[in-house]
Amino acid sequence: MNDEGTAVDTRPTKIMYVAEATAHGGRDGHVTSQDGQIELKVAMPPALGGDGNGTNPEQLFAAGYSSCFHNALILVGNREGYDLSGSTVAAKVGIGPNKHRGYGLAVALSVSLPVLDADIAEKLVDAAHDVCPYSNATRGNIDVTILLG
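What counts and how
In this numbering scheme, every chain counts its residues from 1 along its sequence in written order. Local features in a predicted model are, by the rule used here, given only for residues with pLDDT of at least 70; side-chain atom pairs are given and counted only at 80 or more, and totals for whole chains, interfaces and linings are based on all residues. Water and hydrogen atoms were dropped before computing side-chain values, which therefore reflect all heavy atoms in the structure. Here a strand is any run of E in DSSP of at least two residues, a helix any run of H or I of at least four, and the numbering for each starts at the N terminus. When a residue's accessible area, from a 1.4 Å probe over protein chains only, is under 20% of the maximum for its type it is buried; when over 50% it is exposed; and in between it is partly exposed. Any pair of residues with heavy atoms lying within 4.5 Å of one another is described as a contacting pair. Only four residue types enter the tally: Lys and Arg on the positive side, Asp and Glu on the negative side, with His and both chain ends excluded. Working definition for charges: the position is that of NZ of Lys, CZ of Arg, CG of Asp or CD of Glu. Throughout this description, the term salt bridge denotes a Lys or Arg side-chain nitrogen within 4 Å of a carboxyl oxygen of Asp or Glu. Put simply, buried Ala, Val, Leu, Ile, Met, Phe, Trp, Tyr and Cys residues joined by side-chain atoms within 4.5 Å make one nonpolar core. All axes are obtained by fitting lines to C-alpha atoms, using only the stretch in contact for helices, and the reported angles, taken between N-to-C directions, cover 0 to 180 degrees. Every angle not falling under 35 degrees, over 145, or within 65 to 115 is termed oblique; those three ranges are roughly parallel, roughly antiparallel and roughly perpendicular. Note on convention: near helix rotated counterclockwise from far helix by under a right angle means a left-handed crossing. Clockwise means right-handed. In this count, Pro and Cys sit with the nonpolar residues alongside Ala, Val, Leu, Ile, Met, Phe, Trp and Tyr, while Asp, Glu, Lys and Arg are called charged and the others, Gly among them, polar.

- As annotated in an unreviewed UniProt entry, the protein is Organic hydroperoxide resistance protein from Streptomyces coerulescens.

Below is the structure:
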């Protein structure tokens, strides 16, 4: 929402890159990317009744969101002239049943900006949350908590 309370259109005006991946066998199979960079076994985690002998979609989402958010943070930090040396972003992605007989996700991002004071760090995190495509895609759809430490 913008300051007037209306939804902000975050859809791309131009597609600059398209990633392609294919799942074979769902959560107990494997995933591959079109360019061969990803070839992973996937498995249900033990908490969901699986053997955990492979990665899972929540781990892949956590990896994608954390790296994308960190890049957005670096981008806005550089624009403002701040040093983001030693900064990190860690993501936790939770999954559980929702009220509509399906499943939902929740995300917690832990951001570390060790060389910046708290006010500047918070300003940059807020700006990164506006820039990051993952944040824009999930806004209003899933709970995203950002912890600054």
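There's plenty left to go through after this.
Here we look at the overall build of the protein
Okay, so step 1: Counting its regular elements, the protein contains three helices and six strands.
Okay, so step 2: The order of helices and strands in the protein, counted from the N terminus, is β-β-β-α-β-β-α-α-β.
Okay, so step 3: For the protein, the spread of C-alpha atoms along the three principal axes comes to 45 × 35 × 35 Å.
Okay, so step 4: Scored against the burial criterion, the 149 residues of the protein give a buried share of 28%.
Okay, so step 5: Long-range contacts, defined as pairs at least 24 residues apart, comprise 47% of the intrachain contacts of the protein with a sequence gap of at least 6.
Okay, so step 6: Charge-centre separation for the protein: the mean point of 10 positive side chains lies 7 Å from the mean point of 17 negative side chains.

Considering the pattern of salt bridges
Okay, so step 1: One pass over the structure, following the stated rule, counts four salt bridges.
Okay, so step 2: In this structure, Arg11 and Asp9 form a salt bridge, with 2.8 Å as the shortest nitrogen-oxygen distance.
Okay, so step 3: We classify Arg11 as exposed; its relative accessible area is 65%.
Okay, so step 4: One salt bridge connects Arg139 with Asp130, and the closest N-O pair in it is separated by 4.0 Å.
Okay, so step 5: Arg139 gets classed as partly exposed once you look at its relative accessible area, which sits at 33%.

Considerations on the nonpolar core
Okay, so step 1: Membership of the largest hydrophobic core comes to 20 residues, with the highest contact counts inside it found for Phe69, Leu73, Val111 and Leu113.
Okay, so step 2: Residue assignment for this core shows that the elements contributing at least two residues are helix H1 (57-80), strand S4 (88-97), strand S5 (103-112) and helix H2 (118-131).
Okay, so step 3: Per-element tally for this core: the top contributor is H1, with seven residues.
Okay, so step 4: Not counting chain neighbours up to four residues away, the residues in contact with Phe69 comprise Val89, Leu109, Val111, Val125, Ala128, His129, Cys132, Ser135 and Ile146.

Remarks on the packing of H1 against H2
For any two helices packed against each other, one specifies the crossing angle of their axes together with the interaxial distance.
Okay, so step 1: Viewed as axis vectors pointing N to C, H1 and H2 meet at an angle of 120°, and their least axial separation amounts to 8 Å. Taken together, the axis directions place H1 and H2 in an arrangement best described as oblique. H2 is crossed by H1, and the crossing has right-handed handedness. Here Tyr65, Phe69, Ala72, Leu73, Leu75, Val76, Gly77 and Glu80 of H1 come into contact with H2, specifically with Lys123, Leu124, Val125, Ala127, Ala128, His129 and Val131.
Okay, so step 2: Grouping the amino acids of the contact of H1 with H2 by side-chain chemistry returns eleven nonpolar, two polar and two charged.

Focus on unusual backbone geometry
Okay, so step 1: We note that Arg101 has phi near 65°; this positive angle belongs to a residue other than glycine.
Okay, so step 2: Topologically, Arg101 is positioned in the loop between S4 and S5.
Okay, so step 3: Its relative accessible area of 84% is what places Arg101 among the exposed residues.

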